[in-house]
Every structure is written in C-alpha cells, then in structure tokens.
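Residue strings, one per chain:
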Amino acid sequence: MDYVSPFDPRTAEPVPAAPRPERLEGRRVVLLDIRKARGAQFLDRIAVRLAAAGAQTFRLDKETFSKPASREVIDRVPLHGDLVVEALAD
Amino acid sequence: MDGPAPPFSLPRIDTEAEAGLQEFLHDGPVVLVFAHADCPTTLLALRRLAPAAGERIVVVAQETVPDAARLARRAGVTGPVLADVAPHQVSQLYQVRTVPTAVRVEPDGSVAGVVEGWDRLALEPLVGVSLPDEPPAQKPGCGSRTVELEYRGGLDEPEDMFERGFSDGLPVVPPTRDRVEAMLGGRDPSGSLGTVPPVHGEATLERVAACAVLAGCRPDYFPLVLAAVEAVLEPSFNAHGIGVTTQPAAPVVIVNGLARDRVGLNSGMGALGPGFRANATIGRALRLVLSLTGGAAPGGLDRSTLGHPGKVGLCIAENEEASPWPPFHAELGFPADSSTVTVVACDAPLSVSDHRSRTPEELALVLARAAEATWSPFWWPMDDYSLFVVCPEHADLFGEAGWDRRRLAQFLFDTAVRPVAELRHGETTPQVWTAPDEGTVHKWTSPERILIVCAGGDAGRYSAVFGPCDGMQTRPVTREVQWTT
C-alpha cells in the first residue's frame, strides 16, 4: 500500500558531529552562554581549565535560552573560535 | 474485473433463503453493490442509489444476516440484500478491495463495468439511472473486509503504521493517497505553511493532510487544522522552544465562532475531553505535525521531563452560548461571525472546585489562589500566559455582577500579590531575591498575561487554570479559519 508520509525526507538524516580535536593547545574556543541559570558559572570553570590546557577562549551569549540563536550570534562563532562549548541547561 | 461474473448463492436478509446470481438476471442487467456497515461512503452511496435504482441493485453486505438487515434499514435499502458472512467468500471471488464496489452484470452473465467508491458520474451509466446532483460527487471508499482478513494473515496495517513511526503512541488511520486527497479537498498538495521546528520539516499541505488523516480527522475539520498549524508556526508562538523544552509544554487549541457547530466540536460537558471526535482529532493532528513533521517527538528532541496527557492533543471550543461575555475572538477584534483558532502554549491544567462562593470577589480569590500554585509556588512573577477555562456556573456569577473579562483579569492580578519575604524559597525569581525586604511582587508581570475563556457543562462548578510555559517567551496566536480552498 502506498501511504503519504508525514515526514520530510530532507530531515531524515541527522547532520554528523564533527570529529573531536586531538589537542587543545593553541586552539580558539568559543564559550556560548545560552542564558540558562548558572550556565555562566559553568563556563567560568571551563574557561579556567581550557586556559590551563593552552587554549584561548571567547565568550558569546545567546539572546535567550528559549529560542534558537540569531543569525548574528551564529555568524560570530567562527570569527572567534575553531571549537565551541555550550552551556545547555541548568 | 471483466469476463463472466462468478456464480454464487447467498442468504437474503428478508427470507434468509439462499438466492443465486442467476435469479436476479431474469429482468435485465443487475448491479451488485458490495458494502459493509462501518463505511460512511457505503452508507452515502446506498442512500442515494436505493431510491433511484430499486431492484436494479443487489446489495452484497459483508455482514451477518442481522447486521446486513440493520445496514439496509440505516441506508433505506428496500431492494434485495444478501449477507456475505465472514470470510466473505463472494467478495473474495469478486476480488473486492474497496467498499462500496458496484459491479454491473449483464443478463448473459458477463461483467460490464466496475466502479469503486462513490462516483456519481461513473455510477449513473453503470446503473442506468439518474442520481441526485448533490455534493459530494465523489468520495473514496473504505477497505473491504476481505482486505482486513488478509492483514490478519500477514501484514497488519495498524502495526505497519507503528513500524513506520507514523504514530504518537496510539493507533492511527493509515494515510492512504485516497484519504489524503479527500482531506486536501482540492488544495494544492505542494503548498506550504512553512517549516516546523525543531528539525524544520516542511509543512506541505499534503503532509499536514497526512497528519490529519493519521489523527482521525474528517475532511471538514481540515480548515481548522490548517489554521492551527499556521498559528503555531507564527514566530511569536516559539514552536521551537515549546517543542524541545523540559517543561510539560503543549499547545492548547481554542476554537471560536460558527466552526464549532459546523464540525461538531464540543464546548459543553467534558469540554477538556475526552469523547468528541472533532476535539480529539483536531488537537491530535496539530501535535502530529509538530512531533512527526517537526521532529519534536517525546524522548527524541522533545525533552519534556514528564509531559502531560494533554500533549496527545488538546482542542477546546468556547461555550459562547453559555458565556456571559462576548466570544473570546470577538474581544480580540475578530468579527463575531468569523471562526477562529487560537493557540496558547500551556502546562498541564489544574482543576479548581468552588461550589460555595456567592460573590465575584470570593470566587476570583479562589481562582487566584489556585493560579498562584502554577509553574512553581514561589516563582513570582510569571511572564508567559495563563489560561483560565471558566465553567458556565462560575462565569454566570461574574456576569451577573457585571464583571467582564478585563475586570476579572485585573482582580486576579491585583489579588495574586505577596511580600517577597514569603517567596524566598526554592525556585524563585531574581526579582524576589533583589527586591527590598518590605517589597511585594505579583504572580504575573501584567494582567495582560491572563486569558479567560468559558467552557464546560452547565452543571457543576469546576473551572481550570492552565499554567504558563514560563520563560518560553511564547505568545498566543489567533488565525481566522479559511473555509475555501
């Protein structure tokens, strides 16, 4: 039997994750705060550890945790970093 | 099929005596109409064919003799009706896949033509009569019971739907091309309402129609489903946040205007469900668009910790007739004779019983105290929308005292206020921690955040408040229902 699918086939394949970096020394890392409660504290701790590993960090904020990041925020990520750490939820 | 019509003999419902095909061919050609009682198209076809065709048609019902007799009575068939009881050997012999199927047999025993489903222009020459020129001119048929038997032996269609992921956990109506086409009602299947977050699947009209079929909607519900999907895709509704949050968030669909009666929505007893097809399936269709086309499936990208039963689908109709207030949509500025769909993102409802209040102030205090517990008891203020569903007896108390919605909302806002010192527990807001000790804070940031509709049965004093999806920055969205294609 032939059925009409409710799915959009373009969304069937998830985008594969990028490979993990082999080392952090000399890498630029964007720390993305989505503005969930205590996300900033988490990123503060991560920043200390990344600095100890020889990485440079740059902080960016989303406008609000409840909506996707704006194009402007997304476009700024590659300007400031090769890698991203996002503090997702409280 | 063509060639010679297979001979058969089946019991008549009037005499229970066996009747053979040959005895119906003495006076000329005859049209066998294969039918069963669970098919609305079959009922429609028989009701229109029977008065015009009389003895020219012989109904072959895939039923027991008593059930076939009941079908004949419901459809007004006075001509011959035969009972092709399970396993429906005559239907299998005639390779019937759909009911109704009309097979014309000539006096020499040859098959001269076959029509599946209801198709007035094809049936007129087949039967040789003029049929009433009333809509619909065409309607797809339903699965023959012989097809169902095949599924029992091998592929099971409802199980197949689960296998494909075409479900919200409950069984669905398979979205066959015929059913989806009927749902579309002539609309362009490739038309688009936009993309549905979080995976941004495109909501083509065909996919939305497939979801409406899966949900169990009748085609006349489809304009309401379309309006609801359009509304949730309005950016201010924030379907992305609502779809993926850990909150128990779900859209509540509120219908106003003539559409309620037109499609048979319940606004009275049991207004929040269950029990009424239009309410249950319109809300479910919207949720299927969000969870299947949009990919916000529970446990997948829908990260809701608990969810709530209303996430299966929740469509309510305002009881405008019992309400002392103008219809909800009229207060938003829509013409009172228009039909609208409003979507509000809410948490689970909290029922509020009050059979003792005799003044509007008393009753509003009860509602306010209940609402204070929503979201989280110490989280003040909330900045998203709360929905009060006020039952008719409660609404009457406000109406008789001259309280309109605005006054009730203002009273709820003014009453739900506390000293911040009482609120410094557990999950509370930065405002509560930073305000001076003697300061106070309201439960909502504004009376505008309070929505009020009237629904429910006319006896019993139970209202409900749906807490907000706080922090989601979601806004209610209203769309007028467009009936034309």
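Quantities reported herein were computed from a predicted structural model and do not represent experimental measurements.

Here we come to the overall build of chain A. A count of helices and strands for chain A gives two helices and three strands. In chain A, the succession of helices and strands from N to C terminus is β-α-β-α-β. Its C-alpha radius of gyration of 17 Å places chain A more than 25% over the 12 Å reference for a compact globule of 90 residues. Sorting the 90 residues of chain A into buried and exposed places 16% on the buried side. In chain A, of all internal contacts separated by at least 6 residues, the share reaching a separation of at least 24 is 74%.

Turning to the domain arrangement of chain B, a few remarks are in order. As a measure of interface size, the accessible area lost when the parts come together is often cited. What the domain assignment lists for chain B is domain 1 (3–148) and domain 2 (162–480). Computed from C-alpha atoms alone, the centre-to-centre distance between domain 1 of chain B and domain 2 of chain B is 46 Å.

A few words on the interface of chain A and chain B. With 13 residues of chain A at the contact, the number on the chain B side is 25 residues. Looking at the side of chain A that touches chain B, its residues break down into six nonpolar, four polar and three charged.

To continue, consider the confidence of the model for chain B. Across chain B, the average pLDDT comes to 94, with 98% of residues at or above 70. Across the whole predicted complex the pTM is 0.73, and at the interface the ipTM reaches 0.86.

This brings us to the environment of Ser236 of chain B. All names here are of chain B. Following the sequence through the fold, Ser236 ends up in the loop between α9 (222–233) and α10 (239–244). In this structure Ser236 comes out as exposed when scored by C-beta crowding, with 10 C-beta atoms within 10 Å. It is 27 Å that separates the C-alpha atoms of Ser236 and Val432, two residues lying 196 residues apart in sequence. If we skip the residues at most four places from it in the chain, Ser236 touches Arg475 and Val477.

Before going further, it helps to examine the packing of helix α7 (residues 177–184) of chain B against helix α8 (residues 205–215) of chain B. To describe two helices that pack against each other, one gives the angle between their axes and the distance between the axes. Residues and elements named next belong to chain B. It is the contact of α7 with α8, at a shortest axis distance of 9 Å, that shows an interaxial angle of 110°. What the angle tells us is that α7 and α8 run roughly perpendicular. Between α7 and α8, the residues in contact are Arg179, Val180, Met183 and Leu184 and Leu205, Glu206, Ala209, Ala210, Ala212 and Val213, respectively. Residues that form the contact of α7 with α8 fall into these classes: eight nonpolar, no polar and two charged.

Residue and element names in this part refer to chain A. Spatial ordering of the open sheet is given by β2-β1-β3, a layout of three strands whose pairing is parallel. Since the sheet does not close on itself, it has two edges, and those belong to β2 (56–61) and β3 (83–87), each with one partner. Each adjacent strand pair in this sheet contributes to an overall mean axis angle of 25°, direction not counted. Direction of pairing for strand β1 (residues 28–33) relative to β3: parallel, over a ladder of five bridges. Note on β3: the bridge partner recorded for Val30 is Val84. Each of β1, β2 and β3 is contacted by helix α1 (residues 39–52), which is oriented at about 170° to β1, the strand it contacts most.

A few words now on the nonpolar core. Residues and elements named next belong to chain B. Core analysis: the biggest nonpolar cluster contains 103 residues, and Ala212, Val225 and Ala228 have the highest contact counts within it. Element by element, the count of residues in this core is highest for α9, at 10 residues. If we ignore the near neighbours within four places in the chain, the residues touching Val225 are Val208, Ala212, Cys217, Ile282, Ala285 and Leu286. Judged by nonpolar contacts, the second largest core, of 41 residues, contains Phe34, Cys39, Ala75 and Cys142.

Residue and element names in this part refer to chain B. The residue after Ala86, namely Pro87, is reached through a cis peptide bond having omega 10°. With respect to the secondary-structure elements, Pro87 resides in the loop between β6 (81–83) and α3 (89–93). Here the bond from Pro135 into Pro136 is cis, since omega is -5°, no more than 30 degrees from zero. Position of Pro136 among the secondary structure elements: in the loop between α4 (120–127) and β11 (138–139). Despite not being glycine, Glu16 has its phi angle at roughly 60°, a positive value. Note on placement: Glu16 falls in the loop between β2 (9–11) and β3 (18–20). Backbone geometry places Gln473, a non-glycine residue, at a positive phi of 50°.

All names here are of chain B. Here strand β8 (residues 101–105) lies mainly inside the structure; five of its five residues are buried. Both faces of β8 are covered, namely the face carrying Thr101, Val103 and Val105 and the face carrying Ala102 and Arg104. As judged from the five bridges shared by β8 and strand β9 (residues 110–116), these two strands associate in the antiparallel manner. Directly across from Ala102, in β9, lies its bridge partner Val115.

The next point concerns α8 of chain B. Residues and elements named next belong to chain B. In terms of burial, α8 is largely enclosed, as 11 of its 11 residues are buried. Looking at the packing, one finds that the buried side of α8 touches α7, β13 (192–196), β14 (201–204), α9 and α12 (277–293). Downstream of α8 by a residue or two, Gly216 has a phi angle that is positive, lying close to 100°.

On to helix α14 (residues 360–372) of chain B. All names here are of chain B. Its 13 residues give α14 an end-to-end C-alpha distance of 18 Å, which sits within 8% of 18 Å, the value for a rise of 1.5 Å per residue. Taken together, the buried positions of α14 are Leu363, Ala364, Leu367, Ala368, Ala370, Ala371 and Glu372. Buried residues along α14 sit against β17 (340–353), β18 (386–390), α15 (392–400), α16 (405–415) and β22 (462–468).

Quick look at the pairing of β22 of chain B now. All names here are of chain B. Of all seven residues in β22, six are buried; the element is thus mostly enclosed. Across six bridges, the pairing between β17 and β22 is antiparallel. Pairing of Cys346 across the sheet is with Pro468, part of β22. Two elements, β18 and β22, share three bridges in a ladder whose sense is antiparallel. In the sheet register, Val389 faces β22, and the bridge partner there is Ala464.

So, how was this worked out
Residues numbered from 1 in each chain as written. Chains lettered and ligands numbered in written order. Predicted model: local features only at pLDDT ≥ 70, side-chain atom pairs only at ≥ 80, totals over all residues. Helix = DSSP H or I, 4+ residues; strand = E, 2+ residues; numbered from the N terminus. Rg over C-alpha atoms; globule rule 2.2 N^0.38 Å. Buried ≥ 20, exposed ≤ 12 C-beta atoms within 10 Å, placed from the backbone. Contact = placed C-beta atoms within 7 Å. Domains from an automatic or database assignment. Nonpolar A, V, L, I, M, F, W, Y, C, P; charged D, E, K, R; others polar. pLDDT = per-residue confidence, 0-100. Axes fitted to C-alpha atoms, helices over the stretch in contact; angles between N-to-C directions. Parallel < 35°, antiparallel > 145°, perpendicular 65-115°, else oblique. Pairing = 2+ DSSP bridges. Core = buried A, V, L, I, M, F, W, Y, C linked by C-beta atoms within 7 Å. Expected span 1.5 Å × (residues − 1).

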